[in-house]
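Residue strings, one per chain:
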Amino acid sequence: MATDYWASSHHRRWIVDRHTLNNARAEDLEYATHEQLALLGVFFATVISKLGKRLGLRQRAIATSVVFFRRFYLKNSYCDTDPFLVLTACCYLASKAEETPVHLKTAIVEARSLFTGEDYNLKQFPSDNSKLAEMEFYLLDDLECDLTVYHPYRTLLAMCGKDNPPVPEDDAEAGELGKPQHDGPRYWGTGIGKLDLEEGAIQMAWFVVNDTYRSDLCLLYPPHLIAVASIFFALTLHPSSRSAVDSSLAFSSSHPPSNAGGRASHGQPKRSTVVRTGDELILFLAGLNVSMPLIASIIQEIIAMYSLWNRMSEGRADWAPQSSMQRKGKSNSSPIKQDDLVTPVALTQFVLEMRERKERDVAHPPSAKPTAINKVLERTQAAG
Amino acid sequence: MLPYDPMRAYRHKRDAAHQAFNTKYAMLGFISSGTYGRVYKAKTRDAEERIYAIKKFKPDKEGEVVTYTGISQSAIREIALNREISHENIVALREVVLEDKSIYMVFEYAEHDFLQIIHHFSTTVRAMVPPSLLKSCIHQLLNGLVYLHTCHIQHRDLKPANILINSDGVVKIGDLGLARLTYSPLQPLYSGDKVVVTIWYRAPELLLGARHYTKAIDCWAVGCVMAELISLRPIFKGEEAKLDHKKNVPFQKDQVVKIFEVLGTPSVHEWPGLPQFPEYLNMKALDNYPPKLTEWCTTRFRSKDATDLLRQLFMYNPENRATALEAFNHKWFSEDIKPTRNAFHGLPPNHCPPLRKITQDEASLAHHVPASNNNNPAYNNPNSKPASWKPASGQNFGSAFGVNTAVTMQVPAGNNSGGSRKKPRLE
Ligand SMILES: Nc1ncnc2c1ncn2[C@@H]1O[C@H](COP(=O)(O)OP(=O)(O)O)[C@@H](O)[C@H]1O
Ligand SMILES: [Mg+2]
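Keep in mind it's a predicted model, so treat the numbers as computed, not measured.

Helix and strand counts for chain B stand at 13 helices and twelve strands. Expressed as a percentage of its 427 residues, the buried residues of chain B come to 59%. In chain B, the share of contacts with a sequence separation of at least 24, taken over all contacts with a separation of at least 6, comes to 69%. Accessible surface computed for chain B: about 17900 Å², of which carbon and sulfur atoms make up 53%.

So, in structure tokens, the structure goes:
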């Protein structure tokens, strides 16, 4: 099963469509807009990443924590829960699921100090071990005990013929400690072929993969498609990083350059190898036997995620193409004004208020009007 | 006013939706007490009354109060792996019920296990396991192991008590509590668990202190199990050296000698990596033993092919050792007597092992350890784990960078090498 994604619980039970996702949000949508929920999605992935780093979790364990978190909120609502406690339980459980366990006590102490500190200014967070352990218990149940999560990292490395992550230890997915054991067959594509990218390019795709966890992509698409989209995105989408990527790209293939690659016109090629690069990439991706329209939708989602993320005041991607993304975001989606910047404290406050409003609604159901109408009213108010 | 509880609504919703374990299953009796919990026989409370084995992980206690203390690494592993796999020769997990701080894993029920078969033939039948049963058992065991290894799962605790067989004679590998996914591990296997595999079944590379080990350790254990089914006693029955006060794993001299006595002292020629092992010097200090496996075999059976399979599984160099697949395809299995899907096929009735004994549960007695309740008193404590098997709250908390910080070693009650295990007598 470790190599058989198609037989995995991940594929069989945890890939959902957009419609299911929206239905799952119904309750929260009474207290927040779609966009606000998406912002919270970006936000909590950032929080998980921060906590994960404090706990010494590897990138893959952090990614697993995020997936747990998103799966949990397929069944539950922000307005019924304490997402900070939930995400701490996600990190704690993922640390064990990924065989890099942390102490219960460590998890709660680190979480508490992070959340009640000035970054988030959370007023209340348990200091009691058993509260977190209880949450873990419920979480495991809501996850239906499916703890094995597939990530794009492996596809990315396999596709580039790498054994080890292209980033320094701290950020790496880190299969590097054990002997790499990539002895399984590929579960996607044709199983042949390799992209010969240089470190810089792979690294960039790697960071894009990291960033995809800020969106719902991990619930919507199989990881290998996300990997392909991330490579595509990192290589061809935005012009400024394109030239940076181009200069670090080299393809070993001896195929003569062809004119098939329309994408090549995106960047201003500096060397003849660069032209080949675009073409080769197209050929390679075409040969993967993955659906290009799907890849295109994933890329759309990545763009949308980056433009949302740019509205947040903390933790934005610090890698090169980020600044160009901001420009990209403006031209591609709704205009983003600088004064729209959202702080973590504001988002923390917002999610808290969602819960308080829900609690008030439950405690004092307005007698005359049917709840549904009332909720709609609430929502208009909230939006206004 | 109640203390602030942001999860109240959630908990309420979940508890209301929960279907209580007791409304779904009725416990019929107690089967076995392991390191982490207890195994029960249960039936469904519906018209079908299907039978299951329930592995219940006990909640931890702080004083007298039962609290949530975090789910053990072992339970997490067993649950995570079982949810992904499905094979005729692996015990199937039907569902997991989380309730009242306890975890109930509901497994398909298996009436027998290899330990019980060995015991039955050594004490009741007082004869060797018939070749057809032996061959079917090993063949199906290998079939399950091929599947696990294809899934990149190392079992790491294969031994007779963990290999079950149902009343239809179908072998079911159980107890994935030590098993691990080896596909791009985040931590080297060694730093997670310093000691794996119960000592009698532990491969030489582990005994010599290997940091990197492979699926081949499971194949060694299969060799040990096969030999035990043949001779009705563990082939390498060493005394386990205890962890020292610094919790270092000592050189398992006695176990190594037991292996050398049968297989001879390994040479650098057959195992070039030998001098690199941490325990190489300790090993060099031992006497030189000549190989005696052929002798061991010919005094017990005639099949040359069986001897060859054992030899392949007992290769010192893990790289030369038969893989599960190679062993599964070994010519012994296509020799005159063929393995059967029902391992009990054609057995005289008195050769069939008895039904699993169950006793009434005394779970209410908090510290009751029912050694005498075990269905195999002669094999007291067959479920013990390797000595460093870590208890719920004492996992390896080595940091994510693979540094071993605190490792809580806990030797399970009753000495895990099964010192109290009676030697089956074989005339
Ligand atoms: N599915 C099952 N059907 C019947 N008996 C079982 C089953 N699973 C386990 N047992 C019995 O319980 C014992 C302990 O179970 P095991 O899963 O090995 O737990 P532990 O981790 O405590 O060793 C086994 O040796 C076997 O006798
Ligand atoms: Mg066991």
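Anyway, onward from the coordinates.
Moving on, we get to the pairing of strand β7 (residues 102–108) of chain B. All names here are of chain B. Among the seven residues in β7, six count as buried, and that is most of the element. Bridge analysis of strand β6 (residues 93–99) against β7 gives six bridges, and the strand direction is antiparallel. Bridged to L93 within β7 is F107. Linking β6 to β7, which pair antiparallel, is a turn of two residues; within it D100 sits at a positive phi near 55°.

Here we come to the sheet that holds strand β11 (residues 171–173) of chain B. All names here are of chain B. As summarised here, the arrangement of the three strands in space is β8-β10-β11, forming an open sheet in which the pairing is antiparallel. Both outer strands of the open sheet, β8 (112–113) and β11, are each paired with one neighbouring strand and no more. Relative to strand β10 (residues 163–165), β8 runs antiparallel, the two being bridged by two bridges. Paired with H112 across the strands is I165, a residue of β10. Along the sheet, helix α5 (residues 131–150) contacts β10 and β11; its crossing angle with β11, the most-contacted strand, is approximately 40°.

Now for the coordination of the magnesium ion (ligand 2). Tetrahedral coordination by four donors places them ideally at 109.5 degrees to one another around the metal; octahedral coordination by six donors ideally gives 90 or 180 degrees. Residue and element names in this part refer to chain B. With distances of 2.1 Å, the protein atoms coordinating the magnesium ion (ligand 2) are N162 (OD1) and D175 (OD). Here N162 is found in the loop between β9 (153–154) and β10, whereas its partner D175 is found in the loop between β11 and β12 (180–181), with 13 residues between them in sequence. When its relative accessible area of 4% is taken as the criterion, N162 is described as buried.

So, on to the packing of aromatic side chains. This structure, assessed with the given rule, holds 37 aromatic pairs over all chains. A ring pair is formed by F43(A) and F44(A), whose centres lie 5.0 Å apart and whose planes are at 50°; its orientation type is tilted. An identical accessibility class is assigned to F43(A) and F44(A); each is buried. Measuring from centroid to centroid gives 6.0 Å for F115(A) and Y120(A), while their planes differ by 80°, and the two rings are edge-to-face. Taking the relative accessible area as the measure of exposure, F115(A) reaches 0% and is therefore buried. Through a chain of ring-to-ring contacts, three or more aromatic side chains come together here, namely F43(A), F44(A), F69(A), F72(A), Y73(A), Y78(A), F84(A), F115(A), Y120(A), F125(A), Y138(A) and Y10(B).

Here the focus is the state of the cysteines. In this structure the tally under the stated criterion is zero disulfides over all chains. In this structure C91(A) is not part of a disulfide, and its nearest cysteine sulfur, from C90(A), lies 6.9 Å away. Residue classification places C91(A) among the buried residues on the basis of a relative accessible area of 0%. C151(B) carries a free sulfur, and the closest cysteine sulfur to it, the one in C219(B), is 15 Å from it.

Peptide bonds are trans in most cases, and residues, glycine excluded, mostly fall at negative phi. Residues and elements named next belong to chain A. At N121, a position not held by glycine, the phi torsion is positive, near 60°. Relative to the elements of secondary structure, N121 occurs in the loop between α6 (104–116) and α7 (129–142). Of the residues examined, N121 reaches a relative accessible area of 38% and is grouped as partly exposed. In this structure, C145 is a non-glycine residue whose phi angle is positive, near 65°. With respect to the helices and strands, C145 occurs in the loop between α7 and α8 (152–159).

The rules behind each value
Residues numbered from 1 in each chain as written. Chains lettered and ligands numbered in written order. Predicted model: local features only at pLDDT ≥ 70, side-chain atom pairs only at ≥ 80, totals over all residues. Heavy atoms only, no water. Helix = DSSP H or I, 4+ residues; strand = E, 2+ residues; numbered from the N terminus. Buried < 20%, exposed > 50% of the residue type's maximum accessible area, 1.4 Å probe, protein only. Contact = heavy atoms within 4.5 Å. Areas by Shrake-Rupley, 256 points an atom, 1.4 Å probe, with all protein chains shown as cover. Pairing = 2+ DSSP bridges. Axes fitted to C-alpha atoms, helices over the stretch in contact; angles between N-to-C directions. Donors = N, O, S within 2.8 Å, 3.2 Å for Na, K, Ca; no water. Phe/Tyr/Trp six-rings, centres within 6.5 Å; stacked < 30°, edge-to-face > 60°. Disulfide = S-S within 2.5 Å.

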